[in-house]
Amino acid sequence: MSLRFFSLCRAIVKPSYILLMQEIITSTKNPGIKHLIRLQQKSADRKEEGLFVVEGRRELQHCLDAGYSIDTLFVNNAMDVIHDLPTIAGSRMFRVSPEVYEKIAYRGSTEGVTAIVKSRCNGLSTLTLPHDALIVVLEGVEKPGNVGAVLRSADAAGVDAVIICDPLTDLYNPNLIRASLGASFTVPCAVADTEECIAFLRKNHVAILTAQLQDSTLYYDTPMTSATAIIMGTEATGLTQRWRDVADAHIRIPMCGQLDSLNVSVSAAILMFEAVRQRQQHDLRNP
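Residues numbered from 1 in each chain as written. Predicted model: local features only at pLDDT ≥ 70, side-chain atom pairs only at ≥ 80, totals over all residues. Heavy atoms only, no water.

Some words on the pattern of salt bridges
Inspection of the entire model under this criterion finds nine salt bridges. Arginine 46 serves as the salt-bridge partner of aspartate 170, at 2.7 Å between the closest nitrogen and oxygen. Of this pair, aspartate 170 sits in the loop between strand 6 (161–165) and helix 8 (174–180) while arginine 46 sits in helix 4 (residues 43–49), and the two are 124 residues apart along the sequence. Since its relative accessible area comes to 11%, aspartate 170 is described here as buried. (Salt bridge = Lys/Arg side-chain N within 4 Å of Asp/Glu carboxyl O. Helix = DSSP H or I, 4+ residues; strand = E, 2+ residues; numbered from the N terminus. Buried < 20%, exposed > 50% of the residue type's maximum accessible area, 1.4 Å probe, protein only.)

Looking at the packing of helix 7 (residues 144–157) against helix 12 (residues 264–285)
Running from amino to carboxyl end, helix 7 crosses helix 12 at an angle of 15°, the nearest separation of the two axes being 9 Å. It follows that helix 7 is roughly parallel to helix 12 by the angle criterion. The handedness of the crossing between helix 7 and helix 12 is right-handed. Taken together, the residues of helix 12 that come into contact with helix 7 (itself represented by Asn146, Ala149, Val150, Ser153, Ala154, Ala156 and Ala157) are Val264, Ser265, Ala268, Ala269, Met272, Phe273 and Val276. Residue composition of the contact of helix 7 with helix 12, by class: eleven nonpolar, three polar and no charged. (Axes fitted to C-alpha atoms, helices over the stretch in contact; angles between N-to-C directions. Parallel < 35°, antiparallel > 145°, perpendicular 65-115°, else oblique. Left-handed = near helix turned anticlockwise from the far one by under 90°. Contact = heavy atoms within 4.5 Å. Nonpolar A, V, L, I, M, F, W, Y, C, P; charged D, E, K, R; others polar.)

Overview of the side chain of histidine 35
Within the fold, histidine 35 resides in helix 3 (residues 31–41). Residue classification places histidine 35 among the buried residues on the basis of a relative accessible area of 19%. Those residues in contact with histidine 35 that lie beyond four places of it in its chain are Glu49, Leu51 and Ile116.

So, the packing of aromatic side chains
Working definition: an aromatic ring pair is given by the centre-to-centre distance plus the angle between the planes. Tallying each qualifying case throughout the model produces seven aromatic pairs. Seen in terms of ring centroids, tyrosine 68 and tyrosine 172 are 6.3 Å apart; in terms of plane orientation they differ by 85°. Their pairing is edge-to-face. Pair noted here: tyrosine 68 is in the loop between helix 5 (57–65) and strand 2 (69–76) and tyrosine 172 is in the loop between strand 6 and helix 8, with a separation of 104 residues, a long-range link. Tyrosine 172 matches tyrosine 68 in its accessibility class, with the two residues each being buried. (Phe/Tyr/Trp six-rings, centres within 6.5 Å; stacked < 30°, edge-to-face > 60°.)

Quick look at the sheet that holds strand 1 (residues 51–55)
Sheet architecture is open: four strands sit in the order 1-4-2-3, paired in mixed fashion. This sheet does not close on itself; its edge strands, each paired only once, are strand 1 and strand 3 (92–96). Strand after strand, the sheet turns through a mean of 20° between neighbouring axes, direction not considered. Sheet analysis places strand 1 next to strand 4 (residues 113–118), joined by five bridges and oriented antiparallel. (Pairing = 2+ DSSP bridges.)

Observations regarding the sheet that holds strand 8 (residues 207–211)
Read from one edge of the open sheet, seven strands run 7-6-5-10-8-11-9, paired in parallel fashion. Of all the strands in the sheet, just strand 7 (189–192) and strand 9 (217–218) have a single pairing partner and so form its edges. Where strand 5 (residues 134–139) and strand 10 (residues 228–232) come together, five bridges link them in parallel fashion. Paired with isoleucine 135 across the strands is alanine 229, a residue of strand 10. Contacts from helix 12 reach strand 5, strand 8, strand 10 and strand 11 (249–252) within the one sheet, and its direction differs from that of strand 10 by about 165°.

Things to note about helix 10 (residues 194–203)
Listed as buried for helix 10 are Thr194, Cys197, Ile198, Phe200 and Leu201. The buried residues of helix 10 occupy one face: seen down the axis, they fall within an arc of 160°. Packing partners of the buried residues in helix 10 comprise strand 5, strand 6, strand 7, strand 8, strand 10 and helix 11 (241–246). Backbone nitrogen of glutamate 195 and a side-chain oxygen of the N-cap are separated by 3.3 Å at the start of helix 10; the cap is aspartate 193. Just downstream of helix 10, histidine 205 is the residue with a positive phi angle, here 55°. (Arc of directions from axis to C-beta. Polar contact = N/O pair within 3.5 Å; in protein donor to acceptor, adjacent residues only side chain to side chain.)

A few points about unusual backbone geometry
Non-glycine residue leucine 181 carries a positive phi angle of around 55°. On the basis of relative accessibility, which here comes to 31%, the residue leucine 181 falls in the partly exposed class. A positive phi angle, near 50°, is found at aspartate 215, a position not held by glycine.

Regarding the side chain of aspartate 45
Relative to the helices and strands, aspartate 45 resides in helix 4. Leaving out residues up to four positions away in the same chain, aspartate 45 has contacts with Arg38, Leu39 and Gly50.

Re the environment of methionine 255
Tracing the backbone through its elements, the reader meets methionine 255 in the loop between strand 11 and helix 12. When the C-alpha atoms of methionine 255 and leucine 213 are compared, they prove to be 9.3 Å apart, with 42 residues separating the residues in sequence.

Some words on helix 5
Of the residues making up helix 5, those classed as buried are Glu59, Leu60 and Cys63. Viewed end-on, helix 5 has its buried residues packed into an arc of 100°, placing them on one side of the element. Contacts from the buried residues of helix 5 go to strand 1, strand 2, strand 4 and helix 9 (183–186). Of the residues flanking the end of helix 5, it is glycine 67, one or two places downstream, whose phi is positive at about 95°.

Structure representation (structure tokens):
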């Protein structure tokens, strides 16, 4: 074990944790590893303990930039990653063998870093909206990968908030975080039920545009330059009737093929960037 390794560790963790790092974890039966795997697999445990798991140095940095706190850090002993880690004073750090790290990492490109992070409240009260806010609402979307992909597009489009309405997955699902590439931390997110979300949008004078095939107008013919919420439902059943009833406009993407729907993340991206296009043109015309 190199002197450089210890000097770097002392710079980012409390001295009381240095002893924990001298022993490399080599078994998945280690209590800390079992705890991490349980948090990865069980939503109920994540909610009960207020903890979740983040893989990768990039995702971890986005997480810290968003104000989250690390509880425990696990690093692959075979990789020289210590000097690249963000400051985590007050957190525990453990080195694990490559074999153990392979078991706890879902993908190979996590740069040898996996962390247990403290979760926080994601209610609507945490959102701060500009007067011309662009919001995406996902109702009942079940697949974490789809939610993660929507968040990536939301980050690229500069969306002000994503609201997960009546969720069938939780924001701290590892598959969602992984699919988002860290956008779950760069985009303001909230969770609410349908009635709470509708009341919130109305209170903030946000136009509700529901994406649906029936009784709808082509999306590029619908103004999106003022405060706008784009409401997306599941691919299987679409939006519930409640959203259709309260909508200010129903919008659709033209379908020129034989299938009747796009993936929800693709549809959301198309609509988000139409809002971006309209807003950029509006700004050019009204400097």
